[in-house]
Amino acid sequence: MTHELEAPGEQVVIARKSVWRRLLHNPLSAAAIVYLAIVVLVAVFQSWIAPFPPERVVPTLTNVSPFGSEYFLGGDRAGRDILSRIIAGTRGGVLSGIIMASVALSIGIVFGLIAGYFGKVFDNVANWVFSVLLAAPGIIILLALYTLVDVSMPVAMAVLGVIASPGVFYLVRTLTLNVRNELYVDAARVAGLSNVRIVGRHVLLAIKGPIIILAAFLCGGAISASAGLEFIGLGNPAEPSWGSILNDAFANLFIAPWQLIWPGLALGLTMAALVLLGNGLRDAIEGSFIKPSLRTWRAEVTGLAGAAAVVRTLGVRGASKAQAGSPETSHLLQIEWLQVGYPNGGKLNPVVDDVSLTVDKGEIVGLVGESGSGKTQTVFAAMGLLPDNAVVAAGSVRLDGAELLGLPDDEFAQVRGSRLAYIPQEPMSNLDPAFTVGSQLMEGIRAQSSTSRAEAKRLALAMLARVGIVDPARTFKSYPHEISGGMAQRVLIAGAVMGKPHLLFADEPTTALDVTVQAEVLDLLRDLQREYGMGLLLVTHNLGVVAAVCDRVVVMRLGQVVEQGTVREVFSHPRHEYTKMLLDSVLDHTEARSPLTEEGGPSDD
Amino acid sequence: MLVYTIRKLLTGAVVFVSVTALTFFLLFARGGYEIARSFLSDTATPEQINARAEQLGLLRPIPAQYWDWLVELVTGASLGRSYLTNAPVVDVLMNRSPVTISLLVVSLVLTIAMGIPLGVVAATRGGLVDRGLQIFSVTVQAIPNYGLGLILVLVFALGLHLLPATGFVPLSRGFGPWLATIILPSLAIALGSIAFVGAQIRGAMLDLMRQDFVRTLRSRGVSRRSTVFKHALRSAAPPTLTILSLQVIQIVGGSVIVERIYALPGLGSIALSAGNSGDLPVVLGVVAWIVVIIVAVNLIVDVLNGFLNPKARVR
């Protein structure tokens, strides 16, 4: 059902290094870890480290400037040592982070796991309760709480943890839902493991990454929130805390504004460390991606495959004319020595390797090969629709003798639809769920020619009728989720042939369909091909389809063409071992059965 | 669509009752005598305190008290009177709302106007903008909004003398003066949201540009620009709206602290002072009013999402 995994460049290749090592390898995360370790140590051993008791008052040192007296970072408005107070306030900050994060995590993880794994009534109820919690204005509820007698900071942080728990809940629930249907969870269930064990061992292990990341951000949020509450005067005034020191300094704003720096720095650095740690964890666990600018990408492609590859990959105005070397080709489509690859670790990882093939006017060519053999990537390269990180390293693609590679995207867009067209494999994912079928068809028509809306609509309706849709007007107004898969595929065929293209690429157009619909869609394709006299490149792994409709066949394996010729030639005298193997694996009594089938009759698999 | 809206309205009503009931319980749990003592003067005798508690109906069971509060709200559009000033709580809220709503609107506008373009450019252009967005995200995440508030006051008000440091001028006295008093606190609240929304939009756009349907549209000759702005942005709209509705809650919470830094007479500051002086009807009124704002925003977002996402409408 899913698209072929033919784009290795999209997969993040993570070396099997431990998360820890990758984390420490990143200088920012390493610095953050060291800093946080120091903060925790200070919190534990504060009374030994602080030069003075935090409440010691020396009136002569009131608002004394930093670095000039025994008060290293200066004195506050009551004549107390700011450094000692910040050290004393560390414990509260660290504690509040730990309390809030652990409360939010325990609640969110427990309920998220249960809701995601067991679903049903519990899921509905939990979902609802957490959505209410999400709508509750946390700070205001805390204000309400503070009117109660003697609310200590730990209690307040625990409440804040409850208020923050929906974020954890929704994350864990979604992750668990995704994991629950994985095969290894099924396997564990079949193997007779108890639910508790499956959830505790297998599910939790699989989803721990994002939770750890969230925990770092939660700690940061907690420290910020507790300091914020102390800053607005809530909390125990007798105990020094970063928030209350900030508040004292704020009251002194017009006398000694520098006093804001120290508590601000303590808070800011700690939060920055937690955020950097969270980001570092994310990069280490999930991999990071910064989209390169065009200039960087250009330089990278040049380094990987040379300056000519940049032109082929990104297009340059006027390049196609300069490249038009040998126009004396009689083929409709001529692909020569095409090389497509994805950068991977400083090297180009080829997925299409020296592919050459041709399609003539009115000819149907089958392109066969297993998943990952580069069939689809060849088609995308010929249409200029490769993913952004693909590199067209070498080769040429000519349509009616004119070079296509190197066309800038807007010029390529004029070729697409009107002369080249494409039918995708999976009908549903190829229609935008947010737009009606009709509007998506009209968009194509209006992009190809300056047609009025009314005319475009008339054309789209006519085309829908032509591809065999019974009630075109209704389908036109439908959203993709309102039509069946077979109908969606007909809509996509309509969208492709609407501009009466010379050449049609059909990428496994029947694979995702019901068997009964497959034959109809194939017939429709052949009818349309004859009617418009189109060349058709039919990507498939179904040799029966090839035998039924194709004139010639091209066999690909591991990015290379291993054999090509007329269907009769190739099927009766396959030269390459791989082709023989493919033919041998055709098991039923279709026309595709080759004379090479081994003795003992067809297998009944 | 109508059924969908009504269902969302009902959910909103249930959320309102749940949150206010919870707050009511938290506020009134310590008993009528304690409550009355906390706002009466220190010289009040136990008999006086008891009489006042009795008079305010504070000695009855909490569910009964909450029920009366709810009935009075529904039938009389009243949230009771302040214990301290005897002013109707609704009037207090109406006096204080312009500030907080100004903060909310201006910071939302800033978030949308800056966060969305930032995310789109980071996703489509990449390079320096993308890296810049990531650095910006880390920076503003590392500085709490009151920290940002303090920095903005120090730089723009005390340092450069460009804008007033404190106070509020209502919109009725002119757009310029109003904006001058509201822009710094709004920015302090919004910077975090801008970075967050930008990062989310960037992720959504990158995901969407890899979607099959985008390639298929392009295969019909539709330009890359049109797929980005019409299809990718449209598909990114529902998650963005949801993020924005969550940001509203953040912004309302953040306003309590920012109002203190900028000495703005808003809902947050009245909640804080009422909380400190034991004026429970005012605290409860603020909670109720803020829940109404949040529920209303969520309702608008849900209805908009219903329009944007054809699948949500059916369910």
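Note that the coordinates shown come from a computational prediction; the quantities given were computed from them, not determined experimentally. (Residues numbered from 1 in each chain as written. Chains lettered and ligands numbered in written order. Predicted model: local features only at pLDDT ≥ 70, side-chain atom pairs only at ≥ 80, totals over all residues. Heavy atoms only, no water.)

Caption draft 1: Representation of the overall build of chain A in the model. Broken down by element type, chain A carries 24 helices and ten strands. Since a compact globule built from 605 residues should have a radius of gyration of about 25 Å, the 33 Å found for chain A marks it as more spread out than a globular shape. In terms of overall dimensions, chain A has a C-alpha envelope of 100 × 60 × 55 Å along the principal axes. Among the 605 residues that make up chain A, the fraction classed as buried is 51%. For chain A, contacts bridging at least 24 residues in sequence account for 69% of all contacts bridging at least 6. Put simply, chain A shows about 27,000 Å² of open surface, and 60% of that area lies on carbon and sulfur atoms. (Helix = DSSP H or I, 4+ residues; strand = E, 2+ residues; numbered from the N terminus. Rg over C-alpha atoms; globule rule 2.2 N^0.38 Å. Buried < 20%, exposed > 50% of the residue type's maximum accessible area, 1.4 Å probe, protein only. Contact = heavy atoms within 4.5 Å. Areas by Shrake-Rupley, 256 points an atom, 1.4 Å probe, with all protein chains shown as cover.)

Caption draft 2: Seen up close, the overall build of chain B. Of the regular secondary structure elements, chain B holds 13 helices and zero strands. When the elements of chain B are put in sequence order from the N terminus, they spell out α-α-α-α-α-α-α-α-α-α-α-α-α. Once the C-alpha set of chain B is aligned to its principal axes, its extents read approximately 85 × 55 × 35 Å. Long-range contacts, defined as pairs at least 24 residues apart, comprise 72% of the intrachain contacts of chain B with a sequence gap of at least 6. For chain B, the accessible area works out to roughly 13,800 Å², and carbon and sulfur atoms hold 67% of it.

Caption draft 3: Focus on the domain arrangement of chain A. Looking at the assigned domains, one finds that chain A contains domain 1 (19-55 + 69-286) and domain 2 (333-433 + 479-584). For domain 1 of chain A and domain 2 of chain A, the distance between their C-alpha centroids amounts to 53 Å. (Domains from an automatic or database assignment.)

Caption draft 4: Layout of the sheet that holds strand E7 (residues 503-507) of chain A. Residues and elements named next belong to chain A. Here we have six strands laid out as an open sheet, ordered E6-E7-E8-E3-E9-E10, and mixed in their pairing. This sheet does not close on itself; its edge strands, each paired only once, are strand E6 (420-423) and strand E10 (560-566). Each neighbouring strand pair of the sheet contributes to a mean axis angle of 15°, computed without reference to strand direction. (Pairing = 2+ DSSP bridges. Axes fitted to C-alpha atoms, helices over the stretch in contact; angles between N-to-C directions.)

Caption draft 5: Expanded view of the packing of helix H20 (residues 485-497) of chain A against helix H21 (residues 515-532) of chain A. All names here are of chain A. Relative orientation of the contacting elements H20 and H21 amounts to 15°, with a least axis distance of 11 Å. By the angle class used here, H20 and H21 are roughly parallel. The two elements H20 and H21 cross, and the hand of that crossing is right-handed. Packed against H20, whose contacting residues are Gly-486, Gln-489, Arg-490, Ile-493 and Val-497, the element H21 presents Val-517, Glu-520, Val-521, Leu-524, Leu-525, Leu-528 and Tyr-532 at the interface. When the residues that make up the contact of H20 with H21 are grouped by side-chain class, the tally is eight nonpolar, two polar and two charged. (Parallel < 35°, antiparallel > 145°, perpendicular 65-115°, else oblique. Left-handed = near helix turned anticlockwise from the far one by under 90°. Nonpolar A, V, L, I, M, F, W, Y, C, P; charged D, E, K, R; others polar.)

Caption draft 6: Broad picture of the packing of helix H2 (residues 32-39) of chain B against helix H3 (residues 46-55) of chain B. All names here are of chain B. Two elements in contact, H2 and H3, have axes separated by 8 Å at closest approach and are oriented at 110°. Comparing their axes, H3 and H2 come out roughly perpendicular. Across the interface between the two elements, Gly-32, Tyr-33, Ala-36, Arg-37 and Phe-39 of H2 pack against Pro-46, Ile-49, Asn-50, Arg-52 and Ala-53 of H3. Looking at the contact of H2 with H3 residue by residue, the classes come out as six nonpolar, two polar and two charged.

Caption draft 7: Spotlight on the sheet that holds strand E2 (residues 347-359) of chain A. Residues and elements named next belong to chain A. The antiparallel open sheet is built from four strands, whose spatial order is E2-E1-E4-E5. Strands at the two margins of the open sheet, each flanked by one partner only, are E2 and strand E5 (402-403). Across nine bridges, strand E1 (residues 333-344) lies against E2 in antiparallel orientation. Bridge assignment links Asn-344 to a residue of E2, and that residue is Lys-347. Relative to strand E4 (residues 391-399), helix H12 (residues 294-305) is tilted by about 90°, and along the sheet it contacts E1, E2 and E4.

Caption draft 8: Expanded view of the interface of chain A and chain B. At the interface, 72 residues of chain A touch 70 residues of chain B. The junction of chain A with chain B conceals about 6,300 Å² of combined surface from both sides, 68% of it contributed by carbon and sulfur atoms. At the junction of chain A with chain B, the criterion picks out three salt bridges. Of the charged contacts in the structure, one is a salt bridge between B:Arg224 and A:Asp388, with a shortest N-O distance of 3.5 Å. (Buried area = accessible area lost by both parts, 1.4 Å probe. Salt bridge = Lys/Arg side-chain N within 4 Å of Asp/Glu carboxyl O.)

Caption draft 9: How the structure looks around the packing of aromatic side chains. Residues and elements named next belong to chain A. Under the defined criterion, the tally for this structure stands at 15 aromatic pairs over all chains. Centre to centre, the rings of Tyr-117 and Phe-118 are 4.9 Å apart; their planes meet at 85°, and the pair counts as edge-to-face. Take Tyr-117: its relative accessible area is 6%, and that puts it in the buried class. When its relative accessible area of 39% is taken as the criterion, Phe-118 is described as partly exposed. (Phe/Tyr/Trp six-rings, centres within 6.5 Å; stacked < 30°, edge-to-face > 60°.)

Caption draft 10: A look at the nonpolar core. Counting residues in each nonpolar core, the largest one holds 164 residues, and the members touching the most others are B:Phe28 and B:Trp69. For B:Trp69, the residues in contact, after removing those within four places along its chain, are B:Phe16, B:Thr20, B:Phe24, B:Leu79, B:Leu284 and B:Ala288. Counting 50 residues, the second largest nonpolar core, distinct from the first, contains A:Leu431, A:Leu536, A:Val549 and A:Val553. (Core = buried A, V, L, I, M, F, W, Y, C linked by side-chain atoms within 4.5 Å.)

Caption draft 11: Looking closely at the domain arrangement of chain B. Residue and element names in this part refer to chain B. Its domain assignment divides chain B into domain 1 (2-89) and domain 2 (90-287). Centre-to-centre separation of domain 1 and domain 2, based on C-alpha positions: 32 Å. On the side of domain 2, 14 residues touch domain 1, which itself brings 21 residues to the contact. Across the domain 1/domain 2 interface, buried area totals approximately 1,500 Å², and carbon plus sulfur atoms make up 73% of it. Looking only at domain 1, the three residues that lose the most surface to domain 2 are Leu-27, Leu-79 and Val-89, adding up to 36% of its buried area. Between the two partners, domain 1 and domain 2, sit zero salt bridges.

Caption draft 12: Here's a closer look at the side chain of A:Asp507. Residue and element names in this part refer to chain A. Note on placement: Asp-507 falls in strand E7. Salt bridges are absent for the buried Asp-507, whose nearest opposite-charge side chain, Lys-375, sits at 6.6 Å. Polar side-chain contacts of Asp-507 include one of 3.2 Å to the side chain of Thr-376. (Lys, Arg positive; Asp, Glu negative; His and termini not counted. Polar contact = N/O pair within 3.5 Å; in protein donor to acceptor, adjacent residues only side chain to side chain.)

Caption draft 13: Region of interest: the pattern of salt bridges. Residue and element names in this part refer to chain A. Scanning the model with the defined rule gives 22 salt bridges over all chains in all. In this structure, Arg-552 and Glu-363 form a salt bridge, with 2.6 Å as the shortest nitrogen-oxygen distance. A residue pair is termed long-range when its members are at least 10 positions apart, and Arg-552 in strand E9 (residues 552-557) and Glu-363 in the loop between E2 and strand E3 (364-368) qualify at 189 residues. Each of Glu-55, Asp-76, Arg-80, Arg-85 and Asp-248 takes part in salt bridges that share partners, so that together they form one network.

Caption draft 14: Region of interest: the confidence of the model for chain A. Scored by pLDDT, chain A has a mean of 82; 90% of the residues are at 70 or more. Note that residues 1-16 of chain A has pLDDT below 50 and, in this model, 42 contacts with residues that lie over four places away or in other chains. (pLDDT = per-residue confidence, 0-100.)

Caption draft 15: Structural detail: the side chain of A:Gln529. All names here are of chain A. Tracing the backbone shows Gln-529 in helix H21. By relative accessible area, Gln-529 is classed as buried at 5%. Filtering out sequence-adjacent residues up to four positions away, Gln-529 remains in contact with Gly-362, Glu-363, Ile-364, Met-534 and Leu-536.

Caption draft 16: Region of the structure containing a nonpolar patch on the surface. All names here are of chain A. A cluster of nonpolar residues, Val-40, Leu-41, Val-44, Phe-45, Trp-48 and Ile-49, forms a patch on the protein surface that exposes about 620 Å² of accessible area. Breaking the nonpolar patch down by element, the ones donating at least two residues are helix H2 (27-44) and helix H3 (46-49). Ranked by residues supplied to the nonpolar patch, first place goes to H2 with three residues. Its location among the elements puts Trp-48 in helix H3. (Patch = residues over 30% accessible without salt bridge, like charges linked within 9 Å, V, L, I, M, F, W, Y side chains within 5 Å.)

Caption draft 17: A look at the pairing of E3(A). Residue and element names in this part refer to chain A. Along E3, five of the five residues are buried, which leaves the element largely enclosed by surrounding structure. Every second residue of E3 is oriented toward a common face, with Ile-364, Gly-366 and Val-368 on one face and Val-365 and Leu-367 on the other, all of them buried. Relative to strand E8 (residues 535-540), E3 runs parallel, the two sharing five bridges. Its bridge partner being in E8, Val-368 is matched across the sheet by Thr-540.

Caption draft 18: Broad picture of helix H4 (residues 62-76) of chain B. Residues and elements named next belong to chain B. In this model H4 runs 20 Å from its N-terminal to its C-terminal C-alpha over 15 residues, within 8% of the 21 Å that 1.5 Å per residue would give. Listing the buried residues of H4 in full gives Ile-62, Gln-65, Tyr-66, Trp-69 and Leu-70. Relative to the axis of H4, the buried residues are bounded by an arc of 135° and lie together on one face. Counted as exposed and oriented over 90 degrees from the buried face of H4: Pro-63, Trp-67, Val-74 and Thr-75. Considering only its buried residues, H4 is in contact with helix H1 (2-28) and helix H12 (280-308). Two residues or fewer after H4 comes Ala-77, characterised by a positive phi angle close to 50°. (Expected span 1.5 Å × (residues − 1). Arc of directions from axis to C-beta.)

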